[in-house]
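Report on the structure
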Amino acid sequence: MPITPETLALAWLVLANAVGFLLMGADKVRAKRDAWRIPERTLFLTALLGGSAGVWAGMYEFRHKTRHWYFVWGVPLILAAQLLLLFWLKTNLL
């Protein structure tokens with residue numbers, strides 16, 4: 001069975017969202033332990049690279065970063081932009 005670009009893109013999105021979700025959980029645990037934290041830049045980069053739904057789900061599952069307006073507004077805006085891009089690509093390239 002050949003690997004298509006769509007299959008690779010879907011695999012990337014699943015992986016990126018799983019990583020984003022897990023990073024939010026790991027950072028919450030580290031915050032509770034007053035340990036070394038995952039930089040916010042890394043969390044946003046993960047969202048920008050396709051993991052925005054996972055980061056957003058992790059925010060509310062772990063109740064983490066929900067008091068920071070730039071996460072509360074930024075992550076959903078990234079997700080919306082990615083969904084609009086996906087819609088545009090699907091309608092204009094097929």
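None of the values given here were measured: they were computed from a predicted structure. (Residues numbered from 1 in each chain as written. Predicted model: local features only at pLDDT ≥ 70, side-chain atom pairs only at ≥ 80, totals over all residues. Heavy atoms only, no water.)

**Looking at the confidence of the model for the chain**
- Confidence along the chain averages 95 in pLDDT terms, with 99% of residues attaining 70 or more.
- Helix α3 (residues 69–93) is the least confidently modelled element of the chain, averaging 94 in pLDDT, while helix α2 (residues 40–61) averages 98, the highest of any element. (pLDDT = per-residue confidence, 0-100. Helix = DSSP H or I, 4+ residues; strand = E, 2+ residues; numbered from the N terminus.)

**Here's the deal with unusual backbone geometry**
- Not every positive phi belongs to a glycine, and arginine 63 is a case in point at roughly 50 degrees.
- Relative accessible area serves as the criterion here: at 67%, arginine 63 is assigned to the exposed category.
- Look at lysine 65: it is not a glycine, yet its phi comes out positive at around 70 degrees.
- In this fold, lysine 65 is placed in the loop between α2 and α3. (Buried < 20%, exposed > 50% of the residue type's maximum accessible area, 1.4 Å probe, protein only.)

**Quick notes on the layout of surface pockets**
- A volume near 550 Å³ is recorded for the largest pocket.
- Looking at the largest pocket, it is lined by 18 residues, and the ones nearest its centre are Ala9, Leu13, Gln82, Leu86 and Leu89.
- If you list the elements that add at least two residues to the lining of the largest pocket, you get α1 (5–32), α2 and α3.
- When residues in the lining of the largest pocket are grouped by element, the largest group, eight residues, is from α3.
- Taken together, the residues that form the lining of the largest pocket break down as twelve nonpolar, four polar and two charged. (1 Å grid on protein atoms, 1.4 Å probe; cavity = no way out; pocket = protein on both sides within 12 Å on 5 of 7 lines; lining within 4 Å. Points joined across faces, edges and corners; volume = space filled by probe spheres on them. Nonpolar A, V, L, I, M, F, W, Y, C, P; charged D, E, K, R; others polar.)

**Focus on the pattern of salt bridges**
- One pass over the structure, following the stated rule, counts two salt bridges.
- Between arginine 37 and aspartate 27 there is a salt bridge whose closest N-O contact spans 3.0 Å. Residue arginine 37 is found in the loop between α1 and α2, and its partner aspartate 27 is found in helix α1; the two are separated by ten residues along the sequence.
- We note a salt bridge from lysine 65 to glutamate 40, for which the minimum N-O separation is 2.9 Å. Of the two residues, lysine 65 sits in the loop between α2 and α3 while glutamate 40 sits in helix α2, which places them 25 residues apart along the sequence.
- By relative accessible area, which is 10% here, lysine 65 ends up buried.
- Among the residues examined, glutamate 40 registers a relative accessible area of 27% and is labelled partly exposed. (Salt bridge = Lys/Arg side-chain N within 4 Å of Asp/Glu carboxyl O.)

**With respect to the side chain of serine 52**
- With respect to the secondary-structure elements, serine 52 resides in helix α2.
- Within the structure, the side chain of serine 52 is placed 2.4 Å from the side chain of glutamine 82, a separation counted as a polar contact.
- Filtering out sequence-adjacent residues up to four positions away, serine 52 remains in contact with Asn17, Thr46, Ala47, Val75, Ile78, Leu79 and Gln82. (Polar contact = N/O pair within 3.5 Å; in protein donor to acceptor, adjacent residues only side chain to side chain. Contact = heavy atoms within 4.5 Å.)

**A look at the environment of isoleucine 38**
- Mapped onto the fold, isoleucine 38 is located in the loop between α1 and α2.
- Residue isoleucine 38 is classed as buried on the basis of its relative accessible area, which comes to 8%.
- Sequence separation between isoleucine 38 and leucine 13 is 25 residues; the distance between their C-alpha atoms is 21 Å.

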